[in-house]
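# Residue-level structure breakdown
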Amino acid sequence: MADFPKPRKGYSVRTLPGFAVVAIFTLFVLYAPIMILVVYSFNDGSSLAIWEGFSLRWYQQAAANEAVQDAAVRSLFLAISAASVATVAATMAALATTRTRHFPGRTMIYALINQPLMVPEIVTAVALLIVFAAVKVWTGHTSMIYLIVAHTAFCVPFAYLPIRARLETMDTSLETAAQDLYASRWLTFRRVTLPLMWPGIVAGLMLAFVISLDDVVITEFVKSAGQDTLPTYMLGQLRRVVTPEVNAISTVILFAGAILVALFFRLTNRRG
């Protein structure tokens, strides 16, 4: 019998010489400063460079700081509001671009939805500043609605991508079968499509929440006086006196974001 050539193994970047060294060095450069920040958030002294013993002093001080409390409540309200509105808009956009027949301009719609991802954030922030400054002068209104609108516009593509990915991997024969059994479009959506796409919606909501909670640039440009969020409060503290209290707040935000991102990947990797 003739010998058939064995199939070639897929190319793996891990086989390149020096890959492990470069990977370890890159991870060290990225995560060593974060680990130092976390360690020094438990420093008993006020120095950012001299270890003076383990203590939860700065966590207690941050928790008792009224400015931190106000900024935390404002950040949570802003992130929940913007993420919720962005997720609803992203869900409708994902349904419109995956559950309809092909139409001219679909590629342009994709580009418009993902525009905040392609344009530098500082450009988006300056554009929003110009528009909202004119609106504030015209209306005299300076509430949190401007921040909610700005964060919503920036978070839509982050919520849209996992929802669209979920819809594209769903078995459309289930929806077809429901309609063949005389279910209306609304009933099919409510009983079949929505339960199947729910993990994608929750993943998009969490990702948008994390993006809004961590945003600094857009918030700094759009906010009015007395509307500091936790990131902008920390930025203001860094311009004055830096204490491990900033490290403690950063550590809390870091672990909260890490938990949400881990849940996001868990949901996006669900099968069935």
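Below: a short report on this structure. These numbers were taken from a predicted model, which means no experiment stands behind them.

### A few points about the packing of helix H8 (residues 172-180) against helix H9 (residues 185-214)
Interaxial distance between H8 and H9 falls to 10 Å at its minimum, and their mutual angle equals 155°. Of the possible angle classes, the one that applies to H8 and H9 is roughly antiparallel. Relative to H9, H8 is oriented so that their crossing is right-handed. Contact residues: H8 offers Leu-174, Glu-175, Ala-178 and Gln-179, while H9 offers Arg-185, Thr-188, Val-192, Thr-193 and Leu-196. Here the contact of H8 with H9 is built from residues that sort into four nonpolar, three polar and two charged.

### Considering the nonpolar core
With 40 residues, the main nonpolar core has Tyr-160, Ile-163, Leu-167, Met-197, Ile-218 and Val-222 as its most contacted residues. For this core, the elements supplying multiple residues, two or more each, are helix H3 (66-98), helix H4 (106-113), helix H6 (121-139), helix H7 (145-169), H9, helix H10 (217-222) and helix H12 (244-268). When residues of this core are assigned to their parent elements, the largest contribution, twelve residues, is made by H7. Discounting residues that sit within four places of it in the chain, Leu-167 has contacts with Ala-94, Leu-95, Thr-98, Arg-99, Thr-193 and Met-197. If you look at the next biggest cluster of nonpolar residues, it comprises nine residues, including Ala-62, Met-234, Ile-249 and Ile-253.

### Quick notes on the environment of Leu-167
As for its placement among the helices and strands, Leu-167 is situated in helix H7. Taking the C-alpha atoms as reference points, Leu-167 and Thr-97, separated by 70 residues in sequence, lie 9.8 Å from one another.

Rules and cut-offs
Residues numbered from 1 in each chain as written. Predicted model: local features only at pLDDT ≥ 70, side-chain atom pairs only at ≥ 80, totals over all residues. Heavy atoms only, no water. Axes fitted to C-alpha atoms, helices over the stretch in contact; angles between N-to-C directions. Helix = DSSP H or I, 4+ residues; strand = E, 2+ residues; numbered from the N terminus. Parallel < 35°, antiparallel > 145°, perpendicular 65-115°, else oblique. Left-handed = near helix turned anticlockwise from the far one by under 90°. Contact = heavy atoms within 4.5 Å. Nonpolar A, V, L, I, M, F, W, Y, C, P; charged D, E, K, R; others polar. Core = buried A, V, L, I, M, F, W, Y, C linked by side-chain atoms within 4.5 Å. Buried < 20%, exposed > 50% of the residue type's maximum accessible area, 1.4 Å probe, protein only.

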